[in-house]
Amino acid sequence: MKALRFGRHAALAVVAAGALALTACGSDNATGNNSAAPSNNGPKVTGTLTGVGASSQGAAMDAWKTGFASANSGASVQYSPDGSGAGRKALLDGSAQFAGSDAYLKDEEYASSKEKCGPNGAINIPVYISPIAVAFNLPDVKELKLDADTTAKIFRGQVSKWNDAAIAKLNPGVTLPDLKVTPVNRSDDSGTTKNFTDYLSAVAPSVWTDKADGVWPSSLKGENAKGTSGVVKTVTDTPGAVTYADDSAVSGKLGVASIKVGESFVKPNAEGAAKAVETGKSVEGRAQGDLSLKIDRKTTDSAAYPLTLASFHILCTTYKDQATVDLIKAFENYVVSDAGQQAAADAAKSAPLSKSLQEKAKAAIEQIKVKG
């Protein structure tokens, strides 16, 4: 590996297909910051683009949809936040034109993508970087320190009370309640789950003996809910509950843990998330321009926050007609631009892509073409 610096789907596809028959040729930005809107210079496009995928991108996607439409009257983007696994499936079966996913395509999914996307298959473009928070609902406790082993034990059900000695040892002086621990996991195939279990399996392998996966281990007990909003609501409504979720979805609503990185405890933060992605490793064996990457979960650099997700837009390298190619290129170039990244940061507190990663993303997008 090389270092990288820096249900309703079919119905949506029908709507998109009809809209794309329009001739190729505003509204306020969702964040309330008009400076994050794309420039009105350059060619405009019309039509409807259909995406399915990660709920973690929800706030950013709302901002992107609004900003893109403001510069392209007659163009719109539909996005169903049904989860990363659903997004990848929708792209592979042709019912979506792009997928949002907190995990890049698996090797077998990449091979399968060649059927719908042409001989070079699909490419993964990072568009959204965000720390994952370990979030909890404890009366009178808003901050905790947790190491990887203790976190893994909590989610495996091996720590059953919040005043357990393992938690108390890491948090001297904190009054911990004699309250049942209720771990809450995602019920859907989730890229956030994939990133969280990848972190646990890498940093706490003696405790987290399951492989990293987007589907939560069926052998583990606890509550579950669909989507980011589902798990956050469940924890908010359940004293003693704990979950893992995009930090933007829990900030100000729940207590958040600082995780141990090296000898320090680090809160979720955008700068640390960006640092973790900048030092990630590219995944080999993919199409030219593909930007799949693996984050170093074992870093001891406290400037990095290893419990981070790099969320992708997964795109075909070829589409059936020029109208679709023009629309996908225009939207994705906006998403990875300074304006698009600022819109996401304003809406979701995400970390903007580095300049190097932006340029690589633009080069990859430029390669998309009409099927030969």
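Note that the coordinates shown come from a computational prediction; the quantities given were computed from them, not determined experimentally. (Residues numbered from 1 in each chain as written. Predicted model: local features only at pLDDT ≥ 70, side-chain atom pairs only at ≥ 80, totals over all residues. Heavy atoms only, no water.)

(A) Structural view of the overall build of the protein. Looking only at helices and strands, one finds 13 helices and 15 strands in the protein. For the protein, the proportion of its 372 residues judged to be buried stands at 56%. (Helix = DSSP H or I, 4+ residues; strand = E, 2+ residues; numbered from the N terminus. Buried < 20%, exposed > 50% of the residue type's maximum accessible area, 1.4 Å probe, protein only.)

(B) Structural view of the state of the cysteines. Evaluated as defined, the whole model comprises 1 disulfide. Linked covalently through their sulfurs, cysteine 117 and cysteine 316 form a disulfide whose S-S length is 2.0 Å. Between cysteine 117 and cysteine 316, the S-S torsion sits near -45°, and that sign places the bridge as left-handed. Here cysteine 117 is found in helix H4 (residues 107-117), whereas its partner cysteine 316 is found in strand E13 (residues 308-316), with 199 residues between them in sequence. (Disulfide = S-S within 2.5 Å.)

(C) Seen up close, the pattern of salt bridges. All chains considered together, the criterion is met by 14 salt bridges. Here aspartate 62 makes a salt bridge to lysine 65, at a shortest N to O gap of 3.7 Å. Linking aspartate 62 with lysine 65, this pair stays in helix H2 (residues 58-71), spanning 3 residues, or about one helical turn. Residue class for aspartate 62 comes out partly exposed when judged on its relative accessible area of 41%. Given the relative accessible area of 23%, lysine 65 is considered partly exposed. Put simply, aspartate 198 and arginine 297 hold a salt bridge, and the shortest N to O gap is 2.9 Å. (Salt bridge = Lys/Arg side-chain N within 4 Å of Asp/Glu carboxyl O.)

(D) Examining helix H8 (residues 227-236) more closely. All of the buried residues in H8 are Gly227, Thr228, Gly230, Val231, Val232 and Val235. Its buried side turned inward, H8 meets strand E4 (122-136), strand E6 (182-186), strand E7 (223-225), strand E8 (241-246) and helix H9 (247-250). (Contact = heavy atoms within 4.5 Å.)

(E) Fine view of the packing of H2 against helix H12 (residues 338-348). For the pair H2 and H12, interaxial distance at closest approach is 8 Å and the crossing angle is 135°. Relative to H12, the element H2 is oriented oblique. For the crossing formed where H2 meets H12, the hand is right-handed. Across from Ala59, Ala60, Ala63 and Trp64 in H2, the residues of H12 making contact are Gly340, Gln341, Ala343, Ala344, Ala347 and Ala348. Class assignment for the residues of the contact of H2 with H12 results in 8 nonpolar, 2 polar and no charged. (Axes fitted to C-alpha atoms, helices over the stretch in contact; angles between N-to-C directions. Parallel < 35°, antiparallel > 145°, perpendicular 65-115°, else oblique. Left-handed = near helix turned anticlockwise from the far one by under 90°. Nonpolar A, V, L, I, M, F, W, Y, C, P; charged D, E, K, R; others polar.)

(F) Expanded view of the packing of aromatic side chains. On inspection of all chains with the given rule, the structure shows 12 aromatic pairs. Between phenylalanine 136 and tryptophan 162, the aromatic rings sit 6.0 Å apart at their centres with planes inclined by 45°, giving tilted as the arrangement. One end of the pair, phenylalanine 136, is in strand E4; the other, tryptophan 162, is in the loop between helix H5 (148-156) and helix H6 (165-170), and 26 residues separate them in sequence. You'll find phenylalanine 136 and tryptophan 162 in the same group, each marked buried. Aromatic side chains phenylalanine 155 and tryptophan 216 sit 6.1 Å apart centroid to centroid with 70° between the ring planes, which places their arrangement in the edge-to-face category. With phenylalanine 155 in helix H5 and tryptophan 216 in the loop between helix H7 (191-203) and E7, this pair connects stretches of sequence that are 61 residues apart. Each member of the pair, phenylalanine 155 together with tryptophan 216, is buried. Of the aromatic side chains, those joined through ring pairs into one cluster are Phe155, Phe196, Trp208, Trp216 and Tyr244. (Phe/Tyr/Trp six-rings, centres within 6.5 Å; stacked < 30°, edge-to-face > 60°.)

(G) View of helix H13 (residues 355-366). For H13, with 12 residues, the first-to-last C-alpha span of 17 Å sits near the 16 Å given by 1.5 Å per residue. Leu357, Gln358, Ala361, Ala364 and Ile365 are the residues of H13 that are buried. Looking straight down H13, one finds that the buried residues subtend no more than 125° of arc, so they occupy a single side. Set apart from the buried face of H13 by more than 90 degrees, the exposed residues are Lys355 and Glu366. Elements in contact with the buried residues of H13: E4, helix H10 (270-278), E13, helix H11 (322-336) and H12. (Expected span 1.5 Å × (residues − 1). Arc of directions from axis to C-beta.)

(H) Spatial organisation of the pairing of strand E1 (residues 47-53). Taken across its 7 residues, E1 has 7 buried, putting it largely inside the fold. Going residue by residue along E1, you find Gly47, Leu49, Gly51 and Gly53 tucked away on one face and Thr48, Thr50 and Val52 tucked away on the opposite face as well. Pairing geometry for E1 and strand E2 (residues 75-80), over 6 bridges, is parallel. Counterpart to threonine 48 in the pairing with E2 is serine 76. Remark: the E1/H2/E2 crossover connection has right-handed handedness. In this sheet, strand E3 (residues 98-101) lies alongside E1 in parallel orientation, the contact comprising 3 bridges. (Pairing = 2+ DSSP bridges. Right-handed = clockwise from strand over helix to strand, strands pointing away.)

(I) Spatial organisation of the environment of alanine 304. Inspection of the secondary structure assignment puts alanine 304 in the loop between strand E12 (293-294) and E13. A sequence separation of 25 residues divides alanine 304 from threonine 279, and the C-alpha atoms of the two residues are 9.0 Å apart. Not counting residues up to four positions away in its chain, the partners in contact with alanine 304 are Val261, Gly272, Lys275, Ala276 and Thr299.

(J) Structural detail: the pairing of E13. Judged by how many residues are buried, E13 sits mostly within the fold: 9 of 9 residues are covered. Taking every second residue as pointing to the same face, both faces of E13 are buried, with Thr308, Ala310, Phe312, Ile314 and Cys316 on one and Leu309, Ser311, His313 and Leu315 on the other. Looking at chain direction, E3 and E13 are connected through 4 bridges and run antiparallel. Each bridged residue has a counterpart across the sheet, and for phenylalanine 98 the counterpart in E13 is leucine 315. Two elements, E4 and E13, share 9 bridges in a ladder whose sense is antiparallel. Bridging across to E13, isoleucine 125 finds its partner in histidine 313.

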